[in-house]
Amino acid sequence: MIIHLKKNIDKTKLLEEASAHFGTLVQDEGKELLVLSGKYLNVPEPLIPFVEQFINTEGDFQLSSRRYKAEKRTIRLGSFELGGATNHCALIAGPCSVETEEQIEACAELCVSLNVKVLRAGAFKPRTSPYSFQGLGLEGLKMLGRMREKYGLLIITEVRDATHVHDVIEWSDIIQVGAKAMYDQGILRACAGARKPVLIKRGFGSTLQEFVQAAEFVLAGGNPNVMLCERGIRTFETKTRFTLDLCAVAWLKEHCNIPVILDPSHAMGYAYGVPDLARACLAMGVDGLMIEVHPNPSNALSDPTQQLNFEEFKKLIPSLYLLASALNIQLV
Ligand code: PEP
Ligand code: MN
């Protein structure tokens, strides 16, 4: 339940009464709200004097619900906006990991040449094995910072754990919370305290309810700039790395007011399937596509099988423009 509060109320008294119901006081788009869990269908008696208006949202997601805010939220990324009433779909591309200055610079140049404005690459990699490449850490963030300076690209890079979340917040334009970090509330709360856009990737074993609730942590903490990224879930199928859940995208578009990004690379796990999937994703009418690309994928230090090489990427982009124009989508 979301309660719009009356003006000039006694805040101390409100908080006293609200604490019995674990109410959270939130500022959203200039409005003062009290948010209660979805189990409340009616305003608890002691809170009635504070209420201007209330909305019963659906299940246990509130600020991200279309019942609260019917229009999709708008997020500014550098020179363009996503979501809201725009027909924009952002192209986000780059290698899985920053490996060397030459490698990331080659990717940055590729992006610029194809009018891709957001460069992705991980510096803190959440690997399944401790013996695999773990990323260049702070050095990698600094390399990404140099790409931003030199090429005017926006940088998205991921947080592995709460120990370096503030470094990532400082060096990125969009903070990526990876699939394995989706439940880390230290990270989510730190992102809530930042004002930068946050992209939360869906845990591969997470329900949509859990996925959206991760975004609620960021919204409830006062950061309205959240995006959700479907990147494949684990099913019984093992021939592909994960299973891209396009039904989830349809559900999110219907019920949720947060922009949605799709990542076909991690879902598929193999480069051969990524271009077709990327076009299918674009046809879903999403707010962005994130695609892994590497100058020499077979030598990549992480995710070697799924990254497109430059030739494949250069072939993919015009096909996305063709499809976008047929669908009245503007690639940004
Ligand atoms: C990535 O984007 O490189 C990554 C590790 O993704 P995910 O968190 O979805 O596995
Ligand atoms: Mn990757």
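See the structure shown above.
Remember, it's a predicted structure, so these values are computed and weren't measured experimentally.

Scanning the chain for helices and strands turns up ten helices and 15 strands. Since a compact globule built from 332 residues should have a radius of gyration of about 20 Å, the 20 Å found for the chain is in line with a globular shape. Its C-alpha atoms give the chain principal-axis dimensions of about 65 × 45 × 40 Å. A burial count over the chain gives 55% of its 332 residues as buried. Relative to all contacts within the chain whose residues are 6 or more apart in sequence, the contacts with residues 24 or more apart total 68%. For the chain, the exposed area adds up to about 14100 Å²; of that, 54% sits on carbon and sulfur atoms. Averaging the coordinates of the 35 positive side-chain charges in the chain and doing the same for the 38 negative ones gives two points 1 Å apart.

A few words on the coordination of the manganese ion (ligand 2). Put simply, the ideal angle at a metal is 109.5 degrees for four donors in tetrahedral geometry and 90 or 180 degrees for six donors in octahedral geometry. In this structure, C96 (SG), H266 (NE2), E292 (OE) and D303 (OD) serve as the protein donors to the manganese ion (ligand 2), at separations of 2.1 to 2.3 Å. Considered as a linear motif, the donors of the manganese ion (ligand 2) on their single chain read C-x169-H-x25-E-x10-D. Placement of the pair is C96 in the loop between strand 7 (88-94) and helix 2 (101-113) and D303 in the loop between strand 14 (288-292) and helix 10 (310-326), with a sequence separation of 207 residues. Accessibility classification places C96 together with D303 in one group, the buried group.

Evaluation of the coordinates by the stated rule reveals three aromatic pairs. Aromatic pair Y270 and Y272: ring centres 6.1 Å apart, planes at 25°, arrangement stacked. In this structure Y270 comes out as partly exposed when scored by relative accessible area, which is 32%. Between R231 and the ring centre of F242, over which it is positioned, the NZ or CZ distance is 4.3 Å.

This brings us to helix 5 (residues 185-193). Among all positions of helix 5, only I187, L188, A190, C191 and A192 are buried. Along its buried surface, helix 5 packs onto strand 9 (154-159), helix 4 (165-171), strand 10 (174-177), strand 11 (198-201) and helix 6 (208-220). At the N-terminal boundary of helix 5, the capping side chain belongs to D184, with an oxygen 2.9 Å from the backbone nitrogen of G186.

Another aspect to go through is the site of ligand 1. Ligand 1 sits among C96, R120, K125, E158, Q176, G178, A179, K201, R231, H266 and E292. Here an oxygen atom of ligand 1 sits 2.9 Å away from a polar atom, N or O, in the side chain of K125. Here an oxygen atom of ligand 1 and a side-chain polar atom of E292 are 3.3 Å apart. Protein chains bury 93% of the 290 Å² of accessible surface belonging to ligand 1 in isolation. By residue class, the composition of the shell around ligand 1 is two nonpolar, three polar and six charged.

Okay, the packing of helix 2 against helix 10 next. Running from N to C, helix 2 and helix 10 point in directions that differ by 20°, and their axes come no closer than 11 Å. Our classification of the angle between helix 2 and helix 10 gives roughly parallel. The crossing of helix 2 and helix 10 is right-handed. Residue-level inspection shows A106, C107 and L110 of helix 2 in contact with helix 10, the latter providing F310, F313 and K314. Class assignment for the residues of the contact of helix 2 with helix 10 results in five nonpolar, no polar and one charged.

With that out of the way, let us pick up the pattern of salt bridges. For the structure on display, the rule yields 20 salt bridges. The shortest N-O distance in the salt bridge between R241 and D303 comes to 3.2 Å. Taken as a pair, R241 in the loop between strand 12 (226-230) and helix 7 (246-255) and D303 in the loop between strand 14 and helix 10 lie far apart in primary sequence, 62 residues in all. Judged by its relative accessible area of 12%, D303 falls in the buried class.

Calculation rules
- Residues numbered from 1 in each chain as written.
- Chains lettered and ligands numbered in written order.
- Predicted model: local features only at pLDDT ≥ 70, side-chain atom pairs only at ≥ 80, totals over all residues.
- Heavy atoms only, no water.
- Helix = DSSP H or I, 4+ residues; strand = E, 2+ residues; numbered from the N terminus.
- Rg over C-alpha atoms; globule rule 2.2 N^0.38 Å.
- Buried < 20%, exposed > 50% of the residue type's maximum accessible area, 1.4 Å probe, protein only.
- Contact = heavy atoms within 4.5 Å.
- Areas by Shrake-Rupley, 256 points an atom, 1.4 Å probe, with all protein chains shown as cover.
- Lys, Arg positive; Asp, Glu negative; His and termini not counted.
- Charge placed at Lys NZ, Arg CZ, Asp CG, Glu CD.
- Donors = N, O, S within 2.8 Å, 3.2 Å for Na, K, Ca; no water.
- Phe/Tyr/Trp six-rings, centres within 6.5 Å; stacked < 30°, edge-to-face > 60°.
- Lys NZ or Arg CZ within 6 Å of the ring centre and 35° of its normal.
- Polar contact = N/O pair within 3.5 Å; in protein donor to acceptor, adjacent residues only side chain to side chain.
- Near = heavy atom within 4 Å.
- Nonpolar A, V, L, I, M, F, W, Y, C, P; charged D, E, K, R; others polar.
- Axes fitted to C-alpha atoms, helices over the stretch in contact; angles between N-to-C directions.
- Parallel < 35°, antiparallel > 145°, perpendicular 65-115°, else oblique.
- Left-handed = near helix turned anticlockwise from the far one by under 90°.
- Salt bridge = Lys/Arg side-chain N within 4 Å of Asp/Glu carboxyl O.

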